[in-house]
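# Descriptive analysis of the structure
The primary structure of each chain is shown beneath.
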Amino acid sequence: MRNFQIHTLGCKLNFSESAAIAAKLVENGWNQGGIPEVIIINSCAVTSSAEKKTRNLASKLHRDNPLASLVVVGCYSALKPDLLERWSGVIKVFGSSNKMAVVDYLMQRDMQPAPNYFDSYSIHDRTRSFLKIQDGCNNHCTYCTVWIARGKSRSDTIENVLNNIKKIHEAGVHEVNLTGVNVGDFGRGTDENLLKLLKAIVKQNLMERVRISSVEPDLLSDDIIKLVAKNPMLMPHFHIPLQSGCDRILGLMRRRYKAEDYAAKVKLIKKLMPDACVACDVITGFPGETDEDFEETYRFLESLPISYMHVFTYSRRPRTSANMMEDQVSDEVKSERTDRLLELSHAKKTAFYQQCEGQERPVLVEAELVEDHLCGFTDNYIRVSIPYDESLVNTIQKVTIEQCRTIL
């Protein structure tokens, strides 16, 4: 048997697609493990930092495995294939839309044309699965390269998603995370949409727990929020990208909502589900962001009952219109703003955790061990540890949250 490794960077969507690639190779007689003949890197290019991580990983893997051939797939290779093909050890590069062709390539078969859409899901840890339901994006935000690397928005069908959830559950998995580039855009161009998909999942009752990945605020309808509030199968956990709390900057970013629209979504969630986890993404130092603009964003976030933030320092991306904008913010100022928001995020998360102390919540217990304790996540996405008991692994247990702590 020929041995391979696969290393994944970036989003949950990449992890689901890596799992699909690995499953196909194993199905065709390859072995995942041992001394590798081939190493596949599923790359990310959402920020310059992500690109750097891909470069560093490729260099390390080539040093550690000088006889192995490297194949790079994903967003970085879609944006800069000529650059990656010159890296030491790299024998082939595939973009995002045709990354599954790596299987035909390694099997030395004629490579088939890339399908418009391919589904994928991960079941490697047997507790949670990332299930791809959508790919691509039509929004063209001025700072983003993902729509360039991933292409136009396209989706799976409700029927196939339900079939995949059934397969995942039959493999012993009890939680599925619906993933995509723009999950809220599911069903574009058809008579299907995310709300219809979620209603079908609830009706079929195929899985104990279902999470929804990041949904754009303009696509997170009130009906979706109300459906989650009514159905315990749908986890009270929302990831809603904000990017800026200043309407002027949102306009420059070409986002499709205003700050007040975002606030209305968060307030409705908290009204219907007071203990729901609400996470957001924020970008600091976007071109033209003044001190006043940043302070407006800071005050806006401070006033919202969000649970925590993913804070990204703006980085210039080739082939984006933001890269050509004037008034680029200095690295020093961007760093200061990022630090302030990270401190605010820590305070928000601490308050959210403290709010949940003393509550009994369902936890999906995982096999991960930390200081002789098992770990798992509550329905509202609080990571907890419980005393070790092997019989509890991959079961859902009612756990009382005794004490919470956060790490800055």
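In what follows, the accompanying structure is described.

In this section: the overall build of the chain. Scanning the chain from N- to C-terminus turns up 13 helices and 17 strands. Here the chain has a C-alpha radius of gyration of 22 Å; the compact-globule value for 408 residues is 22 Å, and the two agree. For the chain, the spread of C-alpha atoms along the principal axes amounts to about 60 × 55 × 50 Å. The buried share among the 408 residues of the chain stands at 53%. In the chain, 71% of the contacts between residues at least 6 apart in sequence involve partners at least 24 apart.

So, about the packing of helix 7 (residues 158-170) against helix 8 (residues 194-204). Contact geometry for helix 7 and helix 8: axes closest at 10 Å, N-to-C directions at 40°. Relative to helix 8, the element helix 7 is oriented oblique. Judged by the twist between their axes, the crossing of helix 7 over helix 8 is right-handed. Facing helix 7, whose interface residues are Ile 158, Val 161, Leu 162 and Ile 165, helix 8 presents Lys 196, Leu 197, Ala 200, Ile 201 and Gln 204. Residue classes in the contact of helix 7 with helix 8 are distributed as seven nonpolar, one polar and one charged.

Helix length check: helix 2 (residues 48-64), at 17 residues, gives a terminal C-alpha distance of 24 Å against a target of 24 Å (1.5 Å per residue), a fit within 8%. All of the buried residues in helix 2 are Ala 50, Glu 51, Thr 54, Leu 57, Ala 58 and Leu 61. Seen along its axis, helix 2 keeps its buried residues to an arc of 125°; they face one direction.

Okay, unusual backbone geometry next. For Gln 243, which is not glycine, the phi torsion reads 80° and is therefore positive. Topologically, Gln 243 is positioned in the loop between strand 11 (237-239) and helix 10 (247-253). Phi is positive for Asn 394, which is not a glycine, with a value near 65°. Secondary-structure assignment places Asn 394 in the loop between strand 16 (383-387) and strand 17 (396-400). Here Asn 394 falls in the buried class, since its relative accessible area comes to 16%.

According to the stated counting rule, one finds 24 salt bridges in the structure shown. Note that Arg 337 is salt-bridged to Glu 289, the shortest N-O span being 2.8 Å. One end of the pair, Arg 337, is in helix 13 (residues 331-356); the other, Glu 289, is in the loop between strand 12 (277-284) and helix 12 (291-303), and 48 residues separate them in sequence. When sorted by exposure, Arg 337 lands in the same class as Glu 289, which is buried. Shared partners join several salt bridges into a network, and the residues in it are Glu 17, Lys 99, Lys 132, Asp 135, Arg 150 and Arg 154.

Another aspect to go through is the pairing of strand 13 (residues 308-313). One ladder, built from six bridges, connects strand 12 with strand 13; its direction is parallel. By the bridge assignment for strand 13, Cys 280 is matched with Met 309. Read as a crossover between parallel neighbours, the route from strand 12 over helix 12 to strand 13 is right-handed.

With that settled, the discussion passes to the packing of aromatic side chains. The full count for this structure, using the stated rule, is nine aromatic pairs. With centroids separated by 5.6 Å and ring planes inclined at 70°, the aromatic side chains of Phe 286 and Tyr 314 adopt a geometry described as edge-to-face. Here Tyr 314 lies in the loop between strand 13 and helix 13 and Phe 286 lies in the loop between strand 12 and helix 12, a separation of 28 residues in the sequence. Look at Tyr 314 and you get buried, because its relative accessible area is 5%. Three or more aromatic residues link up through ring pairs in this structure, and these residues are Tyr 143, Phe 286 and Tyr 314. Against the face of Tyr 117 rests Lys 132, its NZ or CZ located 4.9 Å from the ring centre.

Attention shifts here to the sheet that holds strand 17. Strands sit in the order 16-15-14-17 across an open sheet of four strands; the sheet is antiparallel. At either margin of the open sheet sits one strand with a lone partner, and together these are strand 16 and strand 17. Here the average twist between neighbouring strands, direction ignored, is 50°. With five bridges connecting them, strand 14 (residues 360-370) and strand 17 associate as antiparallel partners. Considered in strand 17, the bridge of Leu 364 is made with Ile 396.

On to the environment of Lys 265. Tracing the backbone through its elements, the reader meets Lys 265 in helix 11 (residues 259-272). The exposure class of Lys 265 is buried, given its relative accessible area of 16%. With 48 residues separating them in the primary sequence, Lys 265 and Pro 217 have C-alpha atoms 7.2 Å apart. Leaving out residues up to four positions away in the same chain, Lys 265 has contacts with Pro 217, Leu 220, Ser 221, Asp 222 and Ile 225.

The strand order across the open sheet formed by three strands is 11-12-13, and the pairing between neighbours is parallel. Each having just a single partner strand, strand 11 and strand 13 make up the two edges of the open sheet. Across the sheet, the mean angle from the axis of one strand to that of its neighbour is 15°, orientation sign disregarded.

On the surface, Asp 218, Asp 247, Glu 260, Asp 261 and Glu 296 cluster together to form a negatively charged patch. The topology assignment puts Asp 261 in helix 11.

About the cut-offs
Residues numbered from 1 in each chain as written. Predicted model: local features only at pLDDT ≥ 70, side-chain atom pairs only at ≥ 80, totals over all residues. Heavy atoms only, no water. Helix = DSSP H or I, 4+ residues; strand = E, 2+ residues; numbered from the N terminus. Rg over C-alpha atoms; globule rule 2.2 N^0.38 Å. Buried < 20%, exposed > 50% of the residue type's maximum accessible area, 1.4 Å probe, protein only. Contact = heavy atoms within 4.5 Å. Axes fitted to C-alpha atoms, helices over the stretch in contact; angles between N-to-C directions. Parallel < 35°, antiparallel > 145°, perpendicular 65-115°, else oblique. Left-handed = near helix turned anticlockwise from the far one by under 90°. Nonpolar A, V, L, I, M, F, W, Y, C, P; charged D, E, K, R; others polar. Expected span 1.5 Å × (residues − 1). Arc of directions from axis to C-beta. Salt bridge = Lys/Arg side-chain N within 4 Å of Asp/Glu carboxyl O. Pairing = 2+ DSSP bridges. Right-handed = clockwise from strand over helix to strand, strands pointing away. Phe/Tyr/Trp six-rings, centres within 6.5 Å; stacked < 30°, edge-to-face > 60°. Lys NZ or Arg CZ within 6 Å of the ring centre and 35° of its normal. Patch = residues over 30% accessible without salt bridge, like charges linked within 9 Å, V, L, I, M, F, W, Y side chains within 5 Å. Areas by Shrake-Rupley, 256 points an atom, 1.4 Å probe, with all protein chains shown as cover. Lys, Arg positive; Asp, Glu negative; His and termini not counted. Charge placed at Lys NZ, Arg CZ, Asp CG, Glu CD.

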